[in-house]
Structure formats: C-alpha cells, structure tokens
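# Structural overview
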Amino acid sequence: MTIVDQLNRTIQIMHIPKRIVSLVPSQTELLCDLGLEPSLVGITKFCVHPKHLLSNKQVVGGTKQVHFDKIKALQPDIILCNKEENTQEMIEVLETIAPVHISDIYTLEDCLELIHMYGNLFTVEDKAGKLVATIKQERLKFQEDIKGLAPLKTVYFIWKHPWMVAANHTFINNLMQEALFENLFQNLERYPEIDLDKDIDGQVEVIMLSTEPFPFKDSHVTDMKNKFPQAKVLLVDGELFSWYGSRLAKSFEYFKALRFESLKG
C-alpha cells in the first residue's frame, strides 16, 4: 500500500500498521483519542498525555535524540515524526528501521488534514471524522462568541535567557490569529530572539508567557507587569497553543476565556 505524508513523501507499507512508534507528543495524544493506544509500542519522554502512558509504554528517548536500538527492538510497522520536532539526521536512521510518516503543521487546516490522514492510515476514519467535526464546531462557536471584538496587539514568549517569541510561520502564530491576538512580531520568522528593552513598543496590549517550552510561572508575570504596566500579562497554557491534534477540541473555549480576561482592567 502506498501512502503520502505531509511532506508529499511517498511511503510503502505492507499492511495496516499495528505497531506504532510516535516521536511527537501531540500526535501520541491524537492516536490515543482515535482509539489507537493499544497499537502504540514506543513513545517519547515528553508524551505526557494521557498521563498513564509513560508507565505503560516503552520510552525511546526525546524528540531530538532517541535510542535507535530500543526502537528497532520494538519492531514497529511505522514511525510517526514531525518536520519541526524531529531532526533530519534522526529520520534518516529511522527509515532504515521502518517506514516513517512525517507531519508538517503550520495551520489549523494542516492539523485537520493530519487527523484525516491518520484516520485513513489506521482505518479509524469514523473517529477521525468526528474529531474533525468537533474541532470545526468549536471553532465556529468561538468565532460567533468573539464577533465584533477587535484584534489585540500581542507578544507570545516561549523562552527566557535569551528572550524568544513565536513569530510568523509557526502554528502558535496561526492560533493567535484565530483568536484575534495580533502578533506584534508577525513580520519576523519562526522563533526569533528579541531585546526586551528595544523591540516591544508601548502599543502592546497583551503579553503571553507560555508554560512551555520554558516553564514561565506567576513570578515571571509579576516581573513583566512591572516592566510593561500598560499591558495585560497572562500566563498561558502552551499546550493549548502549540499541541495540534485532538487537544484543539479544547483550545477554542480556552481562547475565549483569554480574550475576555485580556479585556479586564
């Protein structure tokens, strides 16, 4: 059987994969929500949803470094990767072990496409279709709820030492646009370093400090409020802004809460 991944790579598989290694946390969660947890044989140490997985499945490493011998010993039928989260060097070795399917996610539409791809690949089309329908329904409901609200000039921090933000050509930026948080750094690419004293102007209305990958906490919120008193500073759930897949079904209700929190004095 021939399948095509999101990089338009053609992959040959002999049968419907029954032994899956997932090297992307959000895709691991998606597989479980599609009813494929029994087929998961290998995951990363960052695959924390569902919480019990880390004690039930073989952990083969992280997203940038893995134990190839452990993966080979699992005899996977397929290995699931992501262009951004996994390295090209890793993928070249993994392809000698089993077929590798690579996702490439920058927009909500990319996410919905991936869900359908997994539905077809693992013959769970009905569950995939229902999940896509739920996400679309939540999106429409959110759009109705925020109708008439103006975009808010926003900075989304992902790191400290150095300060780094989410900019254009990222999934986070796409979800910010969905939620009418206008990215102050949308003219820059990917995850640039910025100068806190020079690059944020007085027009910024919302500053978001993400809980991942840097673990921002309430103390950082206090520090940022002191530096930018004119802005609403929010500690935000990084998973709901950056995990694609089934978690998106929860994102829009969260975005709604953030939008109205941002309007408070």
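Residues numbered from 1 in each chain as written. Predicted model: local features only at pLDDT ≥ 70, side-chain atom pairs only at ≥ 80, totals over all residues. Heavy atoms only, no water.

### Observations concerning the overall build of the protein
Of regular secondary structure, the protein possesses 10 helices and 12 strands. For 265 residues, the compact-globule estimate of 2.2 N^0.38 gives 18 Å, and the protein sits close to it at 19 Å. With the C-alpha coordinates aligned to their principal axes, the bounding extent of the protein is approximately 60 × 40 × 35 Å. Scored against the burial criterion, the 265 residues of the protein give a buried share of 52%. Counting contacts in the protein only where the partners sit at least 6 residues apart, residues at least 24 apart contribute 60% of the total. As displayed, the protein has an accessible area near 12500 Å², and 51% of this comes from carbon and sulfur atoms. Positive and negative side-chain charges of the protein, numbering 29 and 36 respectively, have mean locations separated by a distance of 4 Å. (Helix = DSSP H or I, 4+ residues; strand = E, 2+ residues; numbered from the N terminus. Rg over C-alpha atoms; globule rule 2.2 N^0.38 Å. Buried < 20%, exposed > 50% of the residue type's maximum accessible area, 1.4 Å probe, protein only. Contact = heavy atoms within 4.5 Å. Areas by Shrake-Rupley, 256 points an atom, 1.4 Å probe, with all protein chains shown as cover. Lys, Arg positive; Asp, Glu negative; His and termini not counted. Charge placed at Lys NZ, Arg CZ, Asp CG, Glu CD.)

### Some remarks on the packing of aromatic side chains
Following the criterion strictly, the structure yields 11 aromatic pairs and no others. With a centroid separation of 6.1 Å and 85 degrees between ring planes, the pair formed by Phe171 and Tyr244 is classed as edge-to-face. In this pair, Phe171 is assigned in helix α7 (residues 171–178) and Tyr244 in the loop between α9 (238–242) and α10 (248–262), connecting sequence segments 73 residues apart. Among the residues examined, Phe171 registers a relative accessible area of 7% and is labelled buried. What makes Tyr244 buried here is its relative accessible area of 5%. Taken together, a centroid distance of 4.6 Å and an interplanar angle of 55 degrees make the contact between Phe214 and Phe216 tilted. We classify Phe214 as buried; its relative accessible area is 14%. Under the relative-accessibility criterion, Phe216 is labelled buried at 3%. (Phe/Tyr/Trp six-rings, centres within 6.5 Å; stacked < 30°, edge-to-face > 60°.)

### Here's the deal with the side chain of Ser210
Relative to the helices and strands, Ser210 is located in strand β11 (residues 206–210). Here Ser210 falls in the buried class, since its relative accessible area comes to 0%. Separated by 3.0 Å, the side chains of Ser210 and Tyr156 make a polar contact. The residues contacting Ser210, other than those within four sequence positions of it, are Tyr156, Phe157, Phe216, Val236 and Gly238. (Polar contact = N/O pair within 3.5 Å; in protein donor to acceptor, adjacent residues only side chain to side chain.)

### Brief notes about the environment of Tyr244
With 139 residues separating them along the chain, Tyr244 and Ile105 place their C-alpha atoms 7.9 Å apart. Leave out the neighbours within four places in its chain, and Tyr244 touches Val24, Ser26, Gln27, Asn82, Glu85, Ser103, Ile105, Cys111, Leu114 and Phe171.

### Regarding the nonpolar core
Grouped together as the largest cluster of nonpolar side chains are 52 residues, with contacts concentrated most on Phe122, Tyr156 and Phe241. In terms of residue count, the dominant contributor to this core is helix α5 (residues 108–121) (7 residues). When neighbours within four sequence positions are excluded, Phe122 is seen to be in contact with Ile16, Pro17, Ile20, Leu31, Leu36, Ile78 and Leu80. Counting residues in hydrophobic clusters, the runner-up holds 19 residues, among them Val155, Trp163, Ala167 and Met224. (Core = buried A, V, L, I, M, F, W, Y, C linked by side-chain atoms within 4.5 Å.)

### As for the layout of surface pockets
In this structure, the largest pocket encloses a volume near 710 Å³. Lining the largest pocket are 23 residues, and of these Glu84, Glu85, Glu212, Pro213 and Ser242 lie nearest its centre. For the lining of the largest pocket, the secondary structure elements donating two or more residues are α1 (25–33), β8 (152–159), α7 and α9. Ranked by the residues each element gives to the lining of the largest pocket, the list is headed by α9, at 3 residues. Looking at the lining of the largest pocket residue by residue, the classes come out as 12 nonpolar, 6 polar and 5 charged. (1 Å grid on protein atoms, 1.4 Å probe; cavity = no way out; pocket = protein on both sides within 12 Å on 5 of 7 lines; lining within 4 Å. Points joined across faces, edges and corners; volume = space filled by probe spheres on them. Nonpolar A, V, L, I, M, F, W, Y, C, P; charged D, E, K, R; others polar.)

### Here we look at helix α6 (residues 125–145)
Helix length check: α6 (21 residues) gives 30 Å between terminal C-alpha atoms against 30 Å at 1.5 Å per residue, within 8%. Close packing links the buried residues of α6 with α1, α5, α7 and α10. (Expected span 1.5 Å × (residues − 1).)

### A look at the environment of Gln203
Here Gln203 lies in the loop between β10 (181–183) and β11. For the pair Gln203 and Phe46, spaced 157 residues apart in sequence, the C-alpha separation works out to 37 Å.

### Some thoughts on the packing of α1 against α5
α5 packs onto α1 with a crossing angle of 50 degrees between their chain directions and a minimal axis gap of 11 Å. By the criterion of interaxial angle, the relationship of α1 to α5 is oblique. Of the two elements, α1 crosses α5, and the hand of that crossing is right-handed. Touching Gln27, Leu30 and Leu31 of α1 are Leu114, Ile115 and Tyr118, all from α5. Tallied by class, the residues present in the contact of α1 with α5 amount to 5 nonpolar, 1 polar and no charged. (Axes fitted to C-alpha atoms, helices over the stretch in contact; angles between N-to-C directions. Parallel < 35°, antiparallel > 145°, perpendicular 65-115°, else oblique. Left-handed = near helix turned anticlockwise from the far one by under 90°.)

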